Amino acid sequence: MATRKSGCCGLSTLEATLAVLFILMTGVSVTLIALMATWKTHTEPTGPPGPEPTAPPQHKPYLIGVGRADCTGPPAEIPLMGYANPQQTAAGIHTRLYSRAFIIDDGRQRVVFVTADVGMISQRLRLEVLQALQVKYGDLYRQDNVVLSGTHTHCGPAGYFQYTLFMISSKGYIKASIEPLVNGIVKVCVCVCVLSGGAIRQYKWNTDKQVLVLKFTDLDGNGIGMISWFAVHAVSMNYTNRMVSSDNMGYASYLLEQDKNPGELPGQGGFVAGFSSSNLGDVSPNTRGPHCVNTGLPCDYLNSSCPVGGTKMCQGFGPGDDMFDSTRIIGLNIYRKAKVPLSLSLSPSLSLSVSTCKPALGHSFAAGTTDGGGDLNFTQGAVEGDPFWDGIRDALLGEPSNQTQECHHPKPILFSTGEMNWPLPWHPQIVDVQIITIGSVAVVAVPGEMTTMSGRRLREAVKQELQAEGAFRDMEVVIAGLSNVYTHYITTYEEYQVQRYEGASTIYGPHTLSAYLHKYRGLARAIAQDRVSELPAGPQPPFFTKNLFNLLSKAPVDRKPENTSFGDVLQQVYPVYRQGDVVSITFVAGNPRHSGDIRDKSFVTVEIYDNRTETWEVVHTDASWETRFQWLKGSNQRSNATVEWHIPPSALSGSYRIKYSGHYKQIKGLRPVITPYEGVSDIFTVTASFYYH
């Protein structure tokens, strides 16, 4: 992978941010910055040829459950979470999003680890999941034994936050976005509530780019699932993409699950492969590094900008020819590291509050990163404010207090979010910290994006505390990033002084890492001494019910060209294709938002005709890597859907067709009516050669 030259996960451009601020707070129009920009650290997911498994502990089998559930939200018009680019709204599906759960019970304690294809776990998402689990299971699944972690894809629907800063960049709190996530995560926990006997084996590569794999097997030694942690940003799909996508981490899961579940469609099959984020704060998959797109020359190293065009022209590239190829290459490399021979006392976690400076974002936050730079004249490495932007901030929001400015020094504060509470607090001030132990592995759930060096220090600190009492001598410590609540970045004190994007986005000040080290040491010490029950639980985070806002307008009625019907083909397929070709077809479509809950369904199917049974068999869906569904919103409330099938070399020769399904909305009798429709291509042939004898 590569070292990041700028940040990730910011609001959109500073222009976009200020515009919304004016609208919300003064009715004037200016633009806001990227809430989540992009970062960059290049580090190839390559390593030693194969790890050796640690010796399995000698004790009775665990009760183990694994599961997977679709959590894909509306693939149209909703902002995608990550780059905070206001133009990057959903318009189709590249791959579906899944939540994957692993439940382990040793007879004394039960823990749940969920990795979900989302940008990050928000505090609101976690609270709603815990509430739903409590309704169904009572106190079985709780705040202290459930870990939710996001893969950090930047191409999943936004709108699942309750703090103002994130709502501004996401068009508010959108129920249509958060409900599929909550329902998908809860469903996967329900699906694995019946546990069976099994064992756990651990593998790791002893390098700084740590890859740790836990494999779960049944009593016969058959693999039923695995979790792998690896530190890399899921930003191979860049900010120009508008299709919902699980990015490189999701593709790694896709490859391993397809390998272990032969003959099954994506999202089906018993083997579950979870690839979870780690301390990826300064690690980019764009391994060719940042270059100026207008000149081809390397960007300025210190501020990640270009002589002409500034930070917007500085972008990271590689390793592939385009973002799809880069996603494939990085995902394939991650998959290969986890695929080698797949073969617990449990401790509960603890949640405590962390308090340092009041949260604030610095000027370099608005610069973004080489994975997605800002549009305005902000650059990384800024340790002094800008009178122009500071003046606008003071006029709109008020000047940061002297106490906050001194606490965050040398960060020049752009947004003093800890002192902004209208219409709701802009950032969380109660943060969960959590550790669970699974056999000889301690999983440290971190509520943000830790840099490489911060992660090293945290792993070492936790390991020292666990081993100090002698009961956890051979523990491996792994960081599960973007877990439970999102607090941007966590840099070291030294990295903070430089005030690149990551330091400017370390919202609790220069001693943020020190505060986390203190809290996690306390948790690890309590686990080592078997005194977890004696620790105070800390304050509960708020669950806001008022002042949540939604800026996303309702989807209007659908219209179609004259003398056509929804599902009609506008651009037909060719009669013959070869393996490696791309089949493309365009349909008259309705707005995908009218399809409602799309979990466990598919807008697209690719089907082959079975001559033996004289039936059509589905070989691909919109969850498949080989398909791409793109929705194009036209004028006069008309829209089209283009489906591509990238025919793999493994495709069988035969007769095929492509089906597209959706819903359209009309007004009948002054009431909206949603109607399903379907379109089917002509039959076409896939053959190894165009030549016949």
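Definitions and cut-offs
Residues numbered from 1 in each chain as written. Predicted model: local features only at pLDDT ≥ 70, side-chain atom pairs only at ≥ 80, totals over all residues. Heavy atoms only, no water. Helix = DSSP H or I, 4+ residues; strand = E, 2+ residues; numbered from the N terminus. Buried < 20%, exposed > 50% of the residue type's maximum accessible area, 1.4 Å probe, protein only. Areas by Shrake-Rupley, 256 points an atom, 1.4 Å probe, with all protein chains shown as cover. Core = buried A, V, L, I, M, F, W, Y, C linked by side-chain atoms within 4.5 Å. Domains from an automatic or database assignment. Salt bridge = Lys/Arg side-chain N within 4 Å of Asp/Glu carboxyl O. Disulfide = S-S within 2.5 Å. Axes fitted to C-alpha atoms, helices over the stretch in contact; angles between N-to-C directions. Parallel < 35°, antiparallel > 145°, perpendicular 65-115°, else oblique. Left-handed = near helix turned anticlockwise from the far one by under 90°. Contact = heavy atoms within 4.5 Å. Nonpolar A, V, L, I, M, F, W, Y, C, P; charged D, E, K, R; others polar. Expected span 1.5 Å × (residues − 1). UniProt positions renumbered as here; feature names shortened; annotations may be inferred. Polar contact = N/O pair within 3.5 Å; in protein donor to acceptor, adjacent residues only side chain to side chain. Pairing = 2+ DSSP bridges.

(A) Fine view of the overall build of the protein chain. Across its full length, the protein chain holds twelve helices and 39 strands. The buried share of the protein chain, taken over its 693 residues, is 61%. As displayed, the protein chain offers around 25800 Å² of accessible surface, 51% of which is attributable to carbon and sulfur atoms.

(B) Main features of the nonpolar core. Among the nonpolar cores identified, the biggest contains 126 residues, and Tyr520, Trp645 and Tyr660 are the most heavily contacted of them. Of the residues that make up this core, three or more belong to each of domain 1 (63-200 + 209-280 + 318-356 + 431-484 + 506-533) and domain 2 (568-687). Membership of the second largest hydrophobic core comes to 23 residues, among which are Val66, Val111, Ile438 and Val441.

(C) Spotlight on the pattern of salt bridges. In total, this model carries 23 salt bridges according to the counting rule given. Across the pair Lys187 and Asp600 runs a salt bridge, and its minimum N-O distance is 2.6 Å. Salt bridges sharing common partners tie together Arg68, Arg100, Asp117 and Glu257.

(D) Quick look at the state of the cysteines. Counted according to the given criterion, the structure contains three disulfides. Disulfide pairing places Cys292 opposite Cys306 at an S-S distance of 2.2 Å. Here the disulfide of Cys292 and Cys306 is left-handed, its torsion about the S-S bond being about -110 degrees. Of this pair, Cys292 sits in strand β18 (residues 289-292) while Cys306 sits in the loop between β18 and β19 (314-317), and the two are 14 residues apart along the sequence. For Cys292, a relative accessible area of 2% puts it in the buried group. A residue is classified by how much of its surface remains accessible, and Cys306, at 7% relative accessible area, is buried. Residue pairing for Cys299: its cysteine sulfur links by disulfide to Cys314, the two sulfurs lying 2.2 Å apart. Looking down the S-S bond of the Cys299 and Cys314 bridge, the torsion is 120 degrees, so its handedness is right-handed.

(E) Region of the structure containing the packing of helix α9 (residues 452-468) against helix α12 (residues 512-528). Two numbers describe how α9 lies on α12: the axes approach to 8 Å, and their chain directions differ by 25 degrees. As judged from the angle between their axes, α9 and α12 are roughly parallel. Handedness of the crossing formed by α9 with α12: right-handed. Contacts between α9 and α12 involve Ser454, Arg457, Leu458, Ala461, Val462, Gln464, Glu465 and Leu466 from the former and Leu513, Leu517, Tyr520, Arg521, Ala524, Arg525, Ile527 and Ala528 from the latter. Grouping the constituent residues of the contact of α9 with α12 by class yields ten nonpolar, two polar and four charged.

(F) Looking closely at helix α5 (residues 247-260). For α5, which comprises 14 residues, the first-to-last C-alpha distance of 20 Å matches the rise-based estimate of 20 Å (1.5 Å per residue) to within 8%. For α5, the tally of buried residues reaches eleven of 14 residues, placing the bulk of the element in the interior. Those residues of α5 not exposed but buried are Asp247, Asn248, Met249, Gly250, Tyr251, Ala252, Ser253, Tyr254, Leu255, Leu256 and Glu257. Structurally, α5 contributes buried residues whose contacts are with β6 (62-70), β9 (98-105), β15 (223-230), β16 (272-277) and α6 (323-339).

(G) Structural detail: the side chain of Asn248. Secondary-structure assignment places Asn248 in helix α5. When residues no more than four places from it in sequence are discounted, the contact partners of Asn248 are His233, Ala234, Val235, Ser236, Pro285, Thr327, Ile330 and Gly331.

(H) The UniProt feature "binding site: Zn(2+)" (unreviewed entry) in the protein chain, seen in detail. The feature "binding site: Zn(2+)" (unreviewed entry), as given by UniProt, occupies His152, His233, Glu449 and Tyr489 in the numbering adopted here. Mapped onto the elements, His152 comes out in the loop between β11 (146-150) and β12 (156-157). Tracing the backbone through its elements, the reader meets Tyr489 in strand β29 (residues 489-490). A distance of 3.0 Å separates polar atoms of two side chains, one belonging to Tyr489 and the other to Glu449.

(I) Representation of the pairing of strand β36 (residues 639-646) in the model. Pairing between strand β32 (residues 582-589) and β36: eight bridges, direction antiparallel. Directly across from Ser584, in β36, lies its bridge partner Glu644. Alignment of strand β35 (residues 627-633) against β36, held across seven bridges, turns out to be antiparallel. The residue bridging Thr627 from the neighbouring strand is Trp645, located in β36. Count of turn residues in the β35/β36 antiparallel hairpin: five residues, of which Asn636 carries a positive phi of about 55 degrees.

(J) Representation of the pairing of β32 within the structure. Buried residues dominate β32, accounting for six of its eight residues. One ladder, built from two bridges, connects strand β30 (residues 569-571) with β32; its direction is antiparallel. When the bridges of β32 are listed, Val569 appears paired with Phe587.

(K) Up close: the sheet that holds strand β7 (residues 76-81). What the seven strands build is an open sheet, ordered β12-β7-β8-β35-β36-β32-β30; its pairing is antiparallel. Each edge of the open sheet is held by one strand with a lone partner, namely β12 and β30. With two bridges connecting them, β7 and β12 associate as antiparallel partners. Residue pairing in the sheet places Leu80 in a bridge with Pro157 of β12.

(L) Examining the environment of Ile585 more closely. Position of Ile585 relative to the elements: it lies in strand β32. Owing to a relative accessible area of 0%, Ile585 belongs among the buried residues under this scheme. Setting aside residues no more than four positions away along its own chain, Ile585 makes contact with Val569, Gln571, Gln572, Val573, Ala641, Thr642, Val643, Ile658 and Ser681.

(M) Summary view of the environment of Met167. In this structure, Met167 sits in helix α3 (residues 164-169). Not counting residues within four places of it along the chain, the set of residues in contact with Met167 comprises Phe161, Gln162, Gly172, Tyr173, Leu424, Leu548 and Phe549.

(N) Expanded view of unusual backbone geometry. A cis amide bond, omega 5 degrees, links Gly318 with the succeeding residue Pro319. Assignment of secondary structure puts Pro319 in the loop between β19 and α6. A cis geometry characterises the amide bond from Trp422 onward to Pro423, with omega recorded as -5 degrees. With respect to the helices and strands, the residue Pro423 is situated in the loop between β24 (413-415) and β25 (434-438). Positioned with a positive phi, Asn484 is a non-glycine residue whose angle comes to about 75 degrees. Mapped onto the elements, Asn484 comes out in the loop between β28 (476-480) and β29. You will see that Asp530, though not glycine, has its phi angle at about 55 degrees, which is positive. Looking at the secondary structure, you find Asp530 in the loop between α12 and β30.

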